[in-house]
Amino acid sequence: MRIIKKFEWLFAIFSVLLFVAIKLPALTFRFSDGNAYIYMAQMILGGDLPYRDFFLADPPAMVLILTLLKFIFGTKIILFQAVPIILEAATAFLLFLILKKRNNTLAFLAPFFYLFSFTILATSDFLTGVQFVSFFVVLAIFLWEKNRPLASGIIWSLALLSKLYVAPALLGFSMFIFWKKDYFRLIRLTLGAVMGAIIILGPFLALAPEKIIDSVWLYHFNKPAGLNKYHVFSFLLQKEWLLILWGIIGMFISKNKKVSAMFLASVTFLMVFKDIYYNYFGLLLPLLVILTLDAGEKLYVKIKNDSRFMIVIFILLALFSGATFIDYHSNFADTGKFLNLTEIASYIKTLPANTELYGSYEFVPLAALESDRKIFNNYIDTNTQVFSTGTIDLESVSHEAVSKGVFMLAKITDLPKLGVKDQGFQGYFSDTVFNKFCRRKKTFVSTSNETDNLIAVYYCHKN
């Protein structure tokens, strides 16, 4: 028995270390909205505040954590690329501890199932809010299982104040506790969540209440429909069919109905909310792993702990994970790479020192940090939806930019033989203003392995 327990711990730790060992050596800059958050962290260190001094579409928890990390990392921005990896590794180990505490015989498989799923392999390449959300949600479940409802509530507030799409999971969690009539612990959970919210959000509400309501609440409900839901769900089903299949089985036979309630609430939200993206589904993966291993454990016990079952499980796990890793490595690992940041930053340093930068939120914040330049009027988040919702007026910003004179950087598709030229910036800069006042200064090859083929630098200025 002692040997088996040691094996379980060793396999769980091995799975986590293997993931980290594969991921960390491959660190590289990526085109991502996380780059905007890193620049925002630098702004906060300089005394500016979200909502009051620059637009932030989310609650402030994640940016505040990144501010602390920016203080620690200093100018070594590449270290931010390790944050998703470390958070996912920690989430995986917490899943093991949660299932271990509930005496799940297959708990030791949780880190491997989680970390070597396609979703985690792919999303952990990019710094996004989903890693913070998943970690905080799993930590909150862990603390609840340890009978620490107040601490669990505080962590739930961190999750919710990182990304709002965690709200359905929290609702499902709370409703199940209420249904179980565990009122005392629910009150303590609620108290912890309220305390966390007041501490984190309170100062910003005091300084800029109207801007927080516009940015964090109204903005999200005014956004147009995002990706096609059918394509998103079918892609997820194609990549995670094993976890989804066993997770659904586990939802019906698992004793952990809290997780089932969280899963159902989250899936319902994703089906109804019009603006969804692939990375939102990262929150479902920890829940699916718990439900999958609950289902597997039920089957294992039913066949009376037959060792042959465990051998079959290992073989199937190896085959599925191997195929998943090959798919990820062959088709997705190079997507979004930003390999020529240093070259671009070196060029920016040769430009007149008094001019500011503007452009794509996916990489301009990194270029600004690397070249020690400012972003024009703190327009850091230039996601096209910021303009399509009317939160920021596209024409006004464009005219304001050319009046001051800025260098605009954009990922573009430029295929003259096909009649395609300078396509890619139109969502965050007026085409009319561009044609009249912007001139291309320099181009670099885009290494994103996406639809764009160039990174262009334009000087936009009223003559």
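Everything quoted here is computed from the prediction, not taken from an experiment. (Residues numbered from 1 in each chain as written. Predicted model: local features only at pLDDT ≥ 70, side-chain atom pairs only at ≥ 80, totals over all residues. Heavy atoms only, no water.)

Draft legend 1. Local environment of helix H8 (residues 149–160). With twelve residues, H8 extends 16 Å between its outermost C-alpha atoms, agreeing within 8% with the 16 Å of an ideal straight helix rising 1.5 Å per residue. Along H8, the residues that are buried comprise Pro-149, Ser-152, Gly-153, Ile-155, Trp-156, Ser-157 and Ala-159. Of the surrounding elements, those touching the buried residues of H8 are helix H7 (129–145), helix H9 (167–179), helix H10 (183–207) and helix H13 (257–272). (Helix = DSSP H or I, 4+ residues; strand = E, 2+ residues; numbered from the N terminus. Expected span 1.5 Å × (residues − 1). Buried < 20%, exposed > 50% of the residue type's maximum accessible area, 1.4 Å probe, protein only. Contact = heavy atoms within 4.5 Å.)

Draft legend 2. Quick look at unusual backbone geometry. Unlike most non-glycine residues, Tyr-51 shows phi in positive territory, near 75°. Residue placement: Tyr-51 occurs in the loop between helix H2 (34–45) and helix H3 (61–73). A positive phi angle, close to 60°, is found at Asn-449, a residue other than glycine. Among the structural elements, Asn-449 can be located in the loop between strand S4 (438–445) and strand S5 (454–460). For Asn-449, a relative accessible area of 55% translates into the label exposed.

Draft legend 3. Up close: the pattern of salt bridges. Counted by the stated rule, this structure contains 16 salt bridges. With a shortest N-O distance of 2.3 Å, Glu-8 and Lys-100 are connected by a salt bridge. Placement of the pair is Glu-8 in helix H1 (residues 2–23) and Lys-100 in helix H4 (residues 83–101), with a sequence separation of 92 residues. A residue is classified by how much of its surface remains accessible, and Lys-100, at 24% relative accessible area, is partly exposed. For the salt bridge of Asp-53 with Arg-52, the shortest nitrogen-to-oxygen distance reads 2.9 Å. Its relative accessible area of 25% is what places Asp-53 among the partly exposed residues. Through salt bridges that share partners, Glu-362, Lys-411, Glu-450 and Asp-452 make up one connected network. (Salt bridge = Lys/Arg side-chain N within 4 Å of Asp/Glu carboxyl O.)

Draft legend 4. Region of the structure containing the packing of aromatic side chains. Per the stated rule, a full pass over the model turns up 34 aromatic pairs. Relative to Tyr-459, the ring of Phe-407 has its centre 4.8 Å away and its plane inclined at 35°; by these criteria the two rings are tilted. Of this pair, Phe-407 sits in strand S2 (residues 406–415) while Tyr-459 sits in strand S5, placing them 52 residues apart in sequence. One aromatic cluster is present, formed by Phe-7, Phe-11, Phe-19, Phe-108, Phe-112 and Phe-116 through successive ring pairs. Directly above the aromatic system of Phe-126 lies the positively charged group of Arg-30, at a separation of 5.5 Å from the ring centroid. Positioned above the aromatic ring of Phe-31 is the side chain of Lys-411, whose terminal nitrogen or guanidinium carbon lies 4.5 Å from the ring centre. (Phe/Tyr/Trp six-rings, centres within 6.5 Å; stacked < 30°, edge-to-face > 60°. Lys NZ or Arg CZ within 6 Å of the ring centre and 35° of its normal.)

Draft legend 5. Structural detail: the packing of H2 against helix H17 (residues 364–371). Remark: H2 packs on H17, axes separated minimally by 7 Å, with the N-to-C direction vectors making an angle of 45°. In terms of orientation, H2 lies oblique with respect to H17. When H2 is examined against H17, the residues Asn-35, Ala-36, Ile-38, Tyr-39 and Gln-42 are found in contact with a partner set consisting of Pro-365, Leu-366, Ala-368 and Leu-369. Of the residues that constitute the contact of H2 with H17, the class distribution is seven nonpolar, two polar and no charged. (Axes fitted to C-alpha atoms, helices over the stretch in contact; angles between N-to-C directions. Parallel < 35°, antiparallel > 145°, perpendicular 65-115°, else oblique. Nonpolar A, V, L, I, M, F, W, Y, C, P; charged D, E, K, R; others polar.)

Draft legend 6. Summary view of the environment of Leu-284. With respect to the helices and strands, Leu-284 occurs in helix H14 (residues 284–302). A relative accessible area of 5% places Leu-284 in the buried class. A C-alpha to C-alpha distance of 15 Å links Leu-284 and Ile-249, two positions 35 residues apart in sequence. When near neighbours in sequence (up to four residues on either side) are disregarded, Leu-284 contacts Phe-263, Ser-266, Val-267 and Leu-270.

Draft legend 7. How the structure looks around the state of the cysteines. Considering all chains together, one arrives at one disulfide under this definition. Cys-438 shares a disulfide with Cys-460; S-S distance 2.1 Å. Residues Cys-438 and Cys-460 are joined by a disulfide whose S-S torsion is about 115°; by sign, that bridge is right-handed. You can see Cys-438 sitting in strand S4 and its partner Cys-460 sitting in strand S5, a full 22 residues away along the chain. When sorted by exposure, Cys-438 lands in the same class as Cys-460, which is buried. (Disulfide = S-S within 2.5 Å.)

Draft legend 8. Here's a closer look at the environment of Ile-276. Mapped onto the elements, Ile-276 comes out in the loop between H13 and H14. Under the relative-accessibility criterion, Ile-276 is labelled buried at 0%. As for Ile-276 and Asp-182, which are separated by 94 residues in sequence, their C-alpha atoms are 33 Å apart.

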